[in-house]
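For reference, the chains in residue letters:
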Amino acid sequence: MHCLRVFSVILTFTLCLSVTSAIVNAQGNPRPLAPGVLETIPIDLNPRDMHSLPMMMPGMQATEYVPKTHPAEATLYGQGHRVILYRDNVWEYEFSFIGLRQARVRVPDAKGQLINKNFWYLVYRIRNTGKTMTYAKVKQNPEFDHIKHDLRYDQLVAAEKINFRPQFTLTGWVEGRGKYQKVEYPSVVNPVAAYRIRQLEDPNQVLLDTEQMVEAEIPMAKNDADPGVWGVAIWEDVNPRLDFVSVYVQGLSNAYRLNRQQPNQPSKLKTLQLNFWRPGDVVAEKRDDVEFGIPLVDKPEEQIEICKRYALPGPVIHVYEEDKLAEKEVLVGEVDADIDFDTLQSRITPLMDMGKLPPEVVAALARSGVKVDQNAAVTTVTDGDKWRFSDGGRSFVVQVKPMFWEPLFGKIRFINTLEHLWIYR
C-alpha cells in the first residue's frame, strides 16, 4: 500500500510537470477567432488616476495653531492638510477575453487520485499598447475636467518597467431559503486544469496561469494585429447556484486612489469589473451559458436588485471651490450621495434644499483641509442637484454627479455600459 501511494504521488508530480511543459510549448499556429468572439475592453486613462484630492499628508504630525503674523494656512499644519499627491507615468494594459465558461475535467486530488471536477475559467489576452498618461507640468489644486491641456498622452514607458501582476476574483450571489448571500472566490493555479482547458479551447494557443503571467514578458504591441500574451484565470469549488456574477481584475494599471479618510490604510487599486449573468441551476451546470452583461429589467424593484447585486456605484456629491482669479471651479471634496433604495431619494441632498449644510459635506471639506461653518446658509440653484454657499470669503458649489445610475421619476436610469466598469477596490 505504501508503495502504491508513493507511485501515485510520483505519477501526479510527473503529470503536473508534463502539463506545465505542454502549456508553454505550443505546436502550430493558434486558430483565428471569428469576429465578435474576443471582447476587448477600451483603455480608460483618466486624469483623476494621476492626482488625489486635497488631503492630509500621510504620516505627518503637526500641531494646529493660529500664528499672530501669518495666516493659519501658512503653518506646517495648514499646509500639510491641503496636500495634493500626484502620480506620473500612469500606464494601463489592454485587456481582452473570450467569455466566462465552465469545464468538467479529470484532475488529481490531494491523494493523487483522478476525479472529475467542475472549473470556471476565463481565457484572456494582455497587450501593451504603450498608452500612458503623463504631466508636462502640474498646477496647484487642478480640477481634472479643466487640465487636459497640461497632460501628455502616449508617452512610452519601457516595457521592462511595467509588469502584469494579475489578481482575479470571482464574486456572485447564491440564493437559499429566499435570501441571497454573497460569495467570493480567488483564482487558483492548477496546471492540469489549465492544460485540459487549453485542449478544449485551442491546443495551439499558449495559456499562462497567473504565476507564469507575472514572469512573462509583455512586449510593446507593434500594431492592432499583434497577438499579445494569452492567459487563463481558473476558479474551483464554485457554488453551482451562483448568479449575478462579477469578475474583478487587478494589475492592469498602476493607478490607485489614496484612502483620504484613513491615510495610513491601504490604497484602493484601479480595478476592471466584468459583469455576467447566469440564468442556470445545479443540473448540468457546465452547459449553462454565462452571458456577458447584466439582465435587462424595467421594474423599479428589479432595477434596485441589479444595483445591489453588481455593487454599481451610485451618484456622488462633488464640492467645488470657486477660484475667481483663474475663473474655474476646483474639486476639493466628494461624498457618496447615499441613495435610500426604499424612497430612491438621497439622504443628504434634502438638507441642502432646506438651506442647510449636511455634516457629510462639512466632513469631506475638512479632509481637504477646508474648515467651513456648518451653519453656513445654502442657496439652491437646482432642486436636488446643485447648490451654492459661502463662508469666510470663500465660495463653494455643490453638485450631484451620476456614476453608473441615478434615480429618475421613481425608477432608475442606468448610465453608459454596465458590462464592464472601471472602479477602485
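This report concerns the structure included in the present document.

Cut-off values and rules
Residues numbered from 1 in each chain as written. Predicted model: local features only at pLDDT ≥ 70, side-chain atom pairs only at ≥ 80, totals over all residues. Heavy atoms only, no water. 1 Å grid on protein atoms, 1.4 Å probe; cavity = no way out; pocket = protein on both sides within 12 Å on 5 of 7 lines; lining within 4 Å. Points joined across faces, edges and corners; volume = space filled by probe spheres on them. Helix = DSSP H or I, 4+ residues; strand = E, 2+ residues; numbered from the N terminus. Nonpolar A, V, L, I, M, F, W, Y, C, P; charged D, E, K, R; others polar. Pairing = 2+ DSSP bridges. Salt bridge = Lys/Arg side-chain N within 4 Å of Asp/Glu carboxyl O. Buried < 20%, exposed > 50% of the residue type's maximum accessible area, 1.4 Å probe, protein only. Axes fitted to C-alpha atoms, helices over the stretch in contact; angles between N-to-C directions. Contact = heavy atoms within 4.5 Å.

### Focus on the layout of surface pockets
- In this structure, the largest pocket encloses a volume near 1800 Å³.
- In terms of residue count, strand β23 (residues 420-424) provides more of the lining of the largest pocket than any other element does, five residues in total.
- Classifying every residue of the lining of the largest pocket gives 22 nonpolar, eleven polar and 16 charged.

### Regarding the pairing of strand β21 (residues 405-408)
- Pairing between β21 and strand β22 (residues 411-414): four bridges, direction antiparallel. Residue pairing across strands places Glu-406 opposite Arg-413, the latter belonging to β22.

### Some points on the pattern of salt bridges
- Throughout the structure, instances matching the rule amount to 16 salt bridges.
- The shortest N-O distance in the salt bridge between Glu-236 and Lys-117 comes to 3.1 Å. Here Glu-236, found in strand β9 (residues 229-236), pairs with Lys-117, found in strand β4 (residues 114-127); they are 119 residues apart in sequence, far enough to count as distant.
- Between Glu-305 and Arg-309 there is a salt bridge whose closest N-O contact spans 2.6 Å. With Glu-305 and Arg-309 both in helix α5 (residues 300-309) and four residues apart, this pair spans about one turn of that helix.
- Assessed through its relative accessible area of 25%, Glu-305 is described here as partly exposed.
- If you follow the salt bridges from partner to partner, you end up with Asp-44, Asp-49, Glu-92 and Lys-270 in one network.

### Considerations on the sheet that holds strand β1 (residues 39-41)
- The strand order across the open sheet built from four strands is β1-β3-β4-β9, with neighbouring strands paired in antiparallel fashion. Pairing within the sheet leaves two strands with one partner each, and these edge strands are β1 and β9. If you compare each strand with its neighbour and ignore which way they point, the axes differ by 35° on average.
- Against the sheet, helix α3 (residues 191-201) touches β3 (94-108), β4 and β9, its axis set at about 115° to β3.

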